[in-house]
Amino acid sequence: MAGTARNTDNTENTENTGSAHGTPGTHDTDVIVVGAGPAGLMLAGELRLGGARVILLERLPEPTGQSRGLGFTARAMEVFDQRGLLPRFGQGPTLEVSPLGHFGGVQFDYTALEDAHFGARGIPQNQTEAVLEAWARELGADIRRGWQVTELAEGFLDGDHVEVTAHTPDGPRRLRAAYLVGCDGGQSRIRKAAGFGFPGLPATRTMYLADVEGCHLKPRFLGERLPNGMVMAAPLEEGVDRIIVCPHGVPAQDRDDDITFAEVAAAWQHITGEDISAGSAQWVSSFSDATRQADTYRRGRVLLAGDAAHIHLPAGGQGLSTGVQDAVNLGWKLAATVRGTAPAGLLDTYHAERHPVGRRLLMNTRAQGIVFLGGEQSDPLRALFTELIAHEEVKRHLAGIVSHLDIHYDMTPPGTEPSPAPHPLLGHRLPKRPLTGADGESDTARLLHPARGVLLDLADNPALRAAAAPWTDRVQVVTATAKPAEATTDVLTGLDALLIRPDGHVAWTSHDTPDHLTTALTHWFGPERTA
């Protein structure tokens, strides 16, 4: 069990170890997060940046060390950059990316869409988790390994707290918090205990995943489709390959962690004719094409994020990346809620914004599975996709879907009319662009490192800064000049100002009427400060 790391701000972070029975009328922490995967660790860090106390519970006593996911999407890279995390991956301020990607195995150039690429590759999931855990601990997150939640007390729907019982190395313990977030994967105990619906499509096939040694495999980066199935292979390091094995005709099975390398090797030989049984595996696992999504992302004081909220066929690192974005969308909203600065309804926007994103994720991964794994029956569809991808507009559309750069949220406050001609940035993420200000050179991503709202004043407008003054305890006002882009036009061209939420999405632009700035500030960051 890990203790509490030091604070990096002035918020209270008293260590509470909980008790066997809890203390009536008190909370052990503001938020309990269950699950130390990428979504849970990212959320823990986001909550700390927002000033909320957080205890993260993980049933495993130690990280698995398994590589599993091998990268993340372009948008997830931007999210990590907006928190200053990219250098921690050990490859400098930016990670190497490939402009080439695929949709359902049909290759095309993602740079058809500005700022898009196929994301970071070669970053094993255990490294991503190590980076996020170190960051969350530095910020003061209390991460407790070997704590498995066994019970969720009633009252979370309409009470003023949520309470869980956990099996720990020191016996059963109870913890009480204002909110609980399940980030505990596709088999989420929290989702089941809280009664979330999880509709969707059951698995129809079993597939295998492994890191193998001594097999001397030829690379099959985009996969090889053969009569008996599909295989992928990619070198991870000298003598080690990642393989994915998708045999046809193997029914879905409800498996735990009892997959053997012999089983994987037999499936590989059945598809390719190659015998790899003389090799060995660092680890093996199975997965399926089950496609499900929680019917809601919030029930009372319990919320879901990451795989606990949506499961799907792995395709292009989208699952990990979507979970990270769930956490970044939820973190600042939940922190503001527990600190008492959130406007009414802010927490409900988490479901309103992220549930459609999850639904679209399931759509695109299922479509890719049909195109790529459907066997001979999918050949006409694959041929049609190949024709369509030759069109520039189709490339842009698919690149936006898989990179997650096309995500758009409705920024219209309740009771107001949407702008008849909104700026193209409104509701979308703000891409990284260089800036020059009083403190020298900066960029739009660096402004978001503290996970606060930002009013970016590009025209040195005193009236604008005065209008935002009552919110400067929650929103940083930055005056800067956008450096000219190499292109003839850029996303910031013609803008005098924009309001950026902590998750990097644009909530207001000077393209809209000035009085809407006050409305947007109130809607996203609460009432103005009166004292």
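Each remark here, short or long, concerns the structure printed above.
Residues numbered from 1 in each chain as written. Predicted model: local features only at pLDDT ≥ 70, side-chain atom pairs only at ≥ 80, totals over all residues. Heavy atoms only, no water.

### Some remarks on the overall build of the protein chain
Then, in step 1: Of the regular secondary structure elements, the protein chain holds 11 helices and 26 strands.
Then, in step 2: Whereas a compact globule of 531 residues would reach a radius of gyration of roughly 24 Å, the protein chain reaches 24 Å, a difference of no more than 12%.
Then, in step 3: Overall, the C-alpha framework of the protein chain stretches about 75 × 65 × 40 Å when taken along its three principal axes.
Then, in step 4: For the protein chain, the residues scored as buried account for 53% of the 531 residues in total.
Then, in step 5: Counting contacts in the protein chain only where the partners sit at least 6 residues apart, residues at least 24 apart contribute 71% of the total.
Then, in step 6: Accessible area for the protein chain stands at about 22600 Å²; split by element, carbon and sulfur atoms hold 52% of it.
Then, in step 7: Counting 47 positive and 65 negative side-chain charges, the protein chain places the averaged centre of each group 2 Å from the other. (Helix = DSSP H or I, 4+ residues; strand = E, 2+ residues; numbered from the N terminus. Rg over C-alpha atoms; globule rule 2.2 N^0.38 Å. Buried < 20%, exposed > 50% of the residue type's maximum accessible area, 1.4 Å probe, protein only. Contact = heavy atoms within 4.5 Å. Areas by Shrake-Rupley, 256 points an atom, 1.4 Å probe, with all protein chains shown as cover. Lys, Arg positive; Asp, Glu negative; His and termini not counted. Charge placed at Lys NZ, Arg CZ, Asp CG, Glu CD.)

### Let's talk about the pairing of strand β4 (residues 100–103)
Then, in step 1: As paired strands, β4 and strand β5 (residues 106–109) are joined by four bridges and run antiparallel to one another. Bridge assignment links Phe 103 to a residue of β5, and that residue is Val 106.
Then, in step 2: Two successive antiparallel strands, β4 and β5, enclose a turn made up of two residues, where Gly 104 displays a positive phi of approximately 60°. (Pairing = 2+ DSSP bridges.)

### A few points about the side chain of His 312
Then, in step 1: Relative to the elements of secondary structure, His 312 occurs in the loop between β20 (310–311) and α6 (318–339).
Then, in step 2: For His 312, a relative accessible area of 11% corresponds to the buried category.
Then, in step 3: Setting aside residues up to four positions removed in sequence, His 312 forms contacts with Ser 288, Ala 290, Thr 291, Gln 318, Gly 319, Leu 361, Leu 362 and Thr 365.

### Overview of the pattern of salt bridges
Then, in step 1: Taken as a whole, this structure holds 29 salt bridges when the rule is applied.
Then, in step 2: Residue Asp 326 is joined to Arg 354 by a salt bridge in which the shortest nitrogen-to-oxygen separation is 2.8 Å. Remark: Arg 354 occurs in helix α7 (residues 348–373) and Asp 326 occurs in helix α6; sequence separation between them is 28 residues. Neither Asp 326 nor Arg 354 differs from the other in exposure class; each is buried.
Then, in step 3: Measuring nitrogen to oxygen at the nearest pair gives 2.7 Å for the salt bridge that ties Asp 503 to Arg 501.
Then, in step 4: The buried category is assigned to Arg 501, whose relative accessible area is 0%.
Then, in step 5: Each of Arg 75, Glu 78, Glu 114, Asp 115, Arg 429 and Arg 433 takes part in one network of salt bridges that share partners. (Salt bridge = Lys/Arg side-chain N within 4 Å of Asp/Glu carboxyl O.)

### Concerning the sheet that holds strand β26 (residues 506–509)
Then, in step 1: Overall, mixed pairing links the six strands, which are arranged β22-β21-β24-β23-β25-β26 in an open sheet. The open sheet terminates on both sides in strands that have one partner only, identified here as β22 (440–443) and β26. If you compare each strand with its neighbour and ignore which way they point, the axes differ by 35° on average.
Then, in step 2: The pairing of strand β23 (residues 453–457) with strand β25 (residues 497–500) spans four bridges and is classified as antiparallel. Each bridged residue has a counterpart across the sheet, and for Leu 455 the counterpart in β25 is Leu 499. (Axes fitted to C-alpha atoms, helices over the stretch in contact; angles between N-to-C directions.)

### Comments concerning helix α2 (residues 74–82)
Then, in step 1: Counting buried residues along α2, nine of its nine residues qualify, which places the element largely inside the surrounding structure.
Then, in step 2: What α2 keeps buried is the set Ala 74, Arg 75, Ala 76, Met 77, Glu 78, Val 79, Phe 80, Asp 81 and Gln 82.
Then, in step 3: Of the surrounding elements, those touching the buried residues of α2 are α1 (38–49), β3 (71–72), β6 (120–121), α3 (125–138), α6 and α9 (392–403).
Then, in step 4: Just past α2, the residue Gly 84 takes up positive phi, approximately 75°.

### Considering a nonpolar patch on the surface
Then, in step 1: Taken together, Ile 370, Leu 381, Leu 384 and Leu 388 make up a surface patch of nonpolar side chains, about 310 Å² in accessible area.
Then, in step 2: Tallying contributions element by element places helix α8 (residues 379–388) first for the nonpolar patch, with three residues.
Then, in step 3: On the secondary structure map, Ile 370 appears in helix α7.
Then, in step 4: Look at Ile 370 and you get partly exposed, because its relative accessible area is 43%. (Patch = residues over 30% accessible without salt bridge, like charges linked within 9 Å, V, L, I, M, F, W, Y side chains within 5 Å.)

### What about the environment of Gly 214?
Then, in step 1: Relative to the elements of secondary structure, Gly 214 occurs in the loop between β12 (206–213) and β13 (220–226).
Then, in step 2: For the pair Gly 214 and Gly 51, spaced 163 residues apart in the sequence, the C-alpha separation amounts to 49 Å.
Then, in step 3: Among all residues touching Gly 214, those that are not within four sequence positions of it are Gly 239 and Gly 279.

### Side note on the environment of Ala 36
Then, in step 1: With respect to the secondary-structure elements, Ala 36 resides in the loop between β1 (29–34) and α1.
Then, in step 2: Apart from residues lying up to four places away in sequence, Ala 36 is in contact with Leu 41, Leu 56, Glu 58, Glu 129 and Arg 145.

### Considering α3
Then, in step 1: An ideal rise of 1.5 Å per residue puts 20 Å on 14 residues; α3 measures up with 20 Å between its terminal C-alpha atoms.
Then, in step 2: Residues of α3 that are buried: Gln 125, Thr 128, Glu 129, Val 131, Leu 132, Glu 133, Trp 135 and Ala 136.
Then, in step 3: Where α3 ends, the next residue or the one after it, Gly 140, has phi of about 105°, a positive value. (Expected span 1.5 Å × (residues − 1).)

None of the figures reported here should be taken as evidence of function without further support.
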